[in-house]
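Examining the three-dimensional arrangement
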Amino acid sequence: MLKIKPLTKEQILISIDRLTRFKIPETKYLRVFKDVIINNLIYPKFKKSDLDTMEYTEIKNIAEEIINFSLQSLGFTLKQDYHINQKLFDYENSIFKIDKNTAELLKNRINYKACLELIDDTGPFNLKWLKNLADSKDLIKDREKLGLKFPLEKVIISEGITEEILLPELARIYGYDFGKNGVYILSAGGKNQVVKLFYNLSYELKIPIFVLLDNDAEINFKEIQPRLRKFDKVHVLKCGEFEDALPLELIKRTLSYGLKNISMIELEAIKQDIRMVKILEEIFKHRGMHEFKKSEFAQMVKENLKDKRDISPEIADIITEIEKTSTKSKVMVDN
């Protein structure tokens, strides 16, 4: 007989959010289930080391019972309705390679029907999609209509946060909406991390991966190349970093907006044949501002995007390549 400390509404919502994010299923399910057991099971009490050697089926059964007991404690009536669970299993199995042990974790009986009542329209895309999943007759049409992003069809790996912030918005302006077409972008945090993330995902995923590298990542491209599947694609920027691919007029407009009284001398400096990030660092330093941060500047650029004139030829090429990338495409590399 288990003795349980019920999860709060917020804790249940956090757990469900974590279970439906884009992450390798075995990793996310084990992490969430183990956290629930360690934090909310009073008796018997398990240590992390105990759970690390426990059968997946037992971990699943205990976590499932804790979550469902918590829902009952909040006043929800639990019905024997597991069609959402089956849809989640089918979805994860459609984009990830699922082994027998992971399948055990996915074949749980968490009462998602009750969980849906905790989800509002302000949450992340995965929870909005989960709520829509219950009654959806056509997931693709619903994604295109509502821009839910899920179910995913392709993944983009970029080096930095600038691409993650700007590329979806630039694509939308260009006419290709990531949310409506199931495109998910991840910033790896550096060229070496891109290689590591690509290796992990290419082993686990059934869907295409589009890799975007800076111009100085030739070694990293060579490391990725042997693991490219027939439907993956790599684009190596021709102009340096992603900031260098942004039109100069967009950069100037952003600086004028963000720095208010920036001088013409500072704006003219942007014409020099120097990497854009270096120029921006010098401008911020010259004006006695805080350290230049790519993420903050990318948000400033995003606020100043207007129309297709803010999309350079190379960025247009990247968006077109992403759109064409599918499980039917051949391996292509632009350099």
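As the structure is a computational prediction, the values presented were derived from the model and not from experiment.

This next bit is on the packing of helix α2 (residues 25-40) against helix α4 (residues 56-73). The interhelical angle for the contact between α2 and α4, taken along N-to-C directions, is 60°, at an axis separation of 9 Å. On the basis of the axis angle, α2 is oblique to α4. Where α2 crosses over α4, the handedness of that crossing is left-handed. Contacts between α2 and α4 involve Glu-26, Leu-30, Phe-33, Lys-34, Val-36, Ile-37 and Asn-40 from the former and Tyr-56, Ile-59, Lys-60, Ile-62, Ala-63, Ile-66 and Ile-67 from the latter. When its residues are assigned to classes, the contact of α2 with α4 shows ten nonpolar, one polar and three charged.

Within helix α8 (residues 125-133) the residues assigned to the buried category are Asn-126, Leu-127, Trp-129, Leu-130, Asn-132 and Leu-133. On its buried side, α8 packs onto α1 (9-20), α5 (83-95), α7 (112-115) and α9 (139-146).

Another point: the environment of Ser-73. Considering the arrangement of structural elements, one finds Ser-73 in helix α4. Accessibility expressed as a relative area gives 43% for Ser-73, which makes it partly exposed.

Enumeration according to the criterion identifies 18 salt bridges in this entry. A salt bridge links Glu-104 to Lys-60; the nearest nitrogen and oxygen atoms lie 3.7 Å apart. You can see Glu-104 sitting in helix α6 (residues 100-106) and its partner Lys-60 sitting in helix α4, a full 44 residues away along the chain. A relative accessible area of 8% means that Lys-60 is categorised as buried. Notably, a salt bridge pairs Lys-222 with Glu-218, separated by 3.5 Å at the nearest N-O pair. With a gap of four residues between them, Lys-222 and Glu-218 both fall in helix α13 (residues 218-224), about one helical turn apart.

What the rule picks out here adds up to one cavity of 30 Å³ or more. If you add up the space inside the largest cavity, you get close to 50 Å³. Residue lining of the largest cavity: Leu-19, Thr-20, Arg-21, Phe-22, Lys-28, Tyr-29, Leu-88, Tyr-91, Glu-92, Ile-95, Phe-96 and Trp-129, and that is the complete set. A per-element tally of the lining of the largest cavity places α5 first, with four residues.

Here we come to the confidence of the model for the chain. Mean pLDDT over the chain works out to 93, with 96% of the residues at or above the 70 mark. The low-confidence segment residues 329-335, where pLDDT is below 50, has 24 contacts with residues more than four positions distant or belonging to other chains.

What counts and what doesn't
Residues numbered from 1 in each chain as written. Predicted model: local features only at pLDDT ≥ 70, side-chain atom pairs only at ≥ 80, totals over all residues. Heavy atoms only, no water. Axes fitted to C-alpha atoms, helices over the stretch in contact; angles between N-to-C directions. Helix = DSSP H or I, 4+ residues; strand = E, 2+ residues; numbered from the N terminus. Parallel < 35°, antiparallel > 145°, perpendicular 65-115°, else oblique. Left-handed = near helix turned anticlockwise from the far one by under 90°. Contact = heavy atoms within 4.5 Å. Nonpolar A, V, L, I, M, F, W, Y, C, P; charged D, E, K, R; others polar. Buried < 20%, exposed > 50% of the residue type's maximum accessible area, 1.4 Å probe, protein only. Salt bridge = Lys/Arg side-chain N within 4 Å of Asp/Glu carboxyl O. 1 Å grid on protein atoms, 1.4 Å probe; cavity = no way out; pocket = protein on both sides within 12 Å on 5 of 7 lines; lining within 4 Å. Points joined across faces, edges and corners; volume = space filled by probe spheres on them. pLDDT = per-residue confidence, 0-100.

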